[in-house]
Amino acid sequence: GHLHAKRPAVKGVVEGDDADLPIAADLAPLARIPHLRALDISDLAVEDARFVMGLGELRELRVAPRSWLSHTLGGCTIKSATKLAKLKLSLLGMS
């Protein structure tokens, strides 16, 4: 399948600086990788990050700078188990 799609125009949504990046259509299959410890998705505009909840062994996550996700995370690189746990909790609240 294709990993990229065109960004839909959504009225009233403020886009970050990741507007020129290709959109990650569906990253949920990554949760099937049981021992994924580091993930760099900084080349993609991620609209749904709930797949992270299934990555139990994830220790490092890199996202696009100045994106909505980096603002949510408080940075574009997360190497803290505490910050990853907080991200998972906030994503759980979004679902």
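This text follows the structure it describes.
A brief structural summary. (Residues numbered from 1 in each chain as written. Predicted model: local features only at pLDDT ≥ 70, side-chain atom pairs only at ≥ 80, totals over all residues. Heavy atoms only, no water.)

Focus: unusual backbone geometry
Our working rule: The numbering of helices and of strands both runs from the N terminus, where a helix is a DSSP run of H or I of at least 4 residues and a strand a run of E of at least 2. Relative accessibility under 20% of the residue-type maximum defines a buried residue, over 50% an exposed one, and the middle range a partly exposed one, all with a 1.4 Å probe and only protein chains included.
The phi dihedral of R66 is positive, around 60 degrees, even though this residue is not glycine. Mapped onto the fold, R66 is located in the loop between strand 5 (60–62) and helix 1 (68–73). You can call R66 exposed: its relative accessible area is 52%.

Description of the pattern of salt bridges
Going by this rule: In the sections that follow, a salt bridge refers to a side-chain nitrogen of Lys or Arg positioned within 4 Å of a carboxyl oxygen of Asp or Glu.
Considering all chains together, one arrives at 3 salt bridges under this definition. A salt bridge links E57 to R37, with the shortest nitrogen-to-oxygen separation between them at 3.0 Å. Residue E57 is found in the loop between strand 4 (45–46) and strand 5, and its partner R37 is found in the loop between strand 2 (23–24) and strand 3 (38–40); the two are separated by 20 residues along the sequence. By relative accessible area, E57 is classed as partly exposed at 23%.

Notes on the sheet that holds strand 5
The following threshold applies: Being paired, for any two strands, means DSSP has found at least two bridges between them.
As summarised here, the arrangement of the 3 strands in space is 3-5-6, forming an open sheet in which the pairing is mixed. Only two strands of the sheet have a single partner each, and these edge strands are strand 3 and strand 6 (77–78). In this sheet, strand 6 lies alongside strand 5 in antiparallel orientation, the contact comprising 2 bridges. Note that in strand 6 the partner of L61 across the bridge is I78.

Description of the nonpolar core
For clarity, the cut-off: For this analysis, a nonpolar core means a set of buried residues of the types Ala, Val, Leu, Ile, Met, Phe, Trp, Tyr and Cys, connected via side-chain atoms within 4.5 Å. The contact criterion used throughout is that any non-hydrogen atoms of two residues lie within 4.5 Å.
Core analysis: the largest hydrophobic core is formed by 20 residues, its most contacted members being L39, I41, V46, F51 and L61. Looking at this core, the element that brings in the most residues is helix 2 (residues 81–94), giving 3 residues. Apart from residues lying up to four places away in sequence, F51 is in contact with L27, A28, L30, A31, L39, I41 and V46.

Some thoughts on the environment of I33
Within the fold, I33 resides in the loop between strand 2 and strand 3. Assessed through its relative accessible area of 39%, I33 is described here as partly exposed. It is 9.8 Å that separates the C-alpha atoms of I33 and G56, two residues lying 23 residues apart in sequence.

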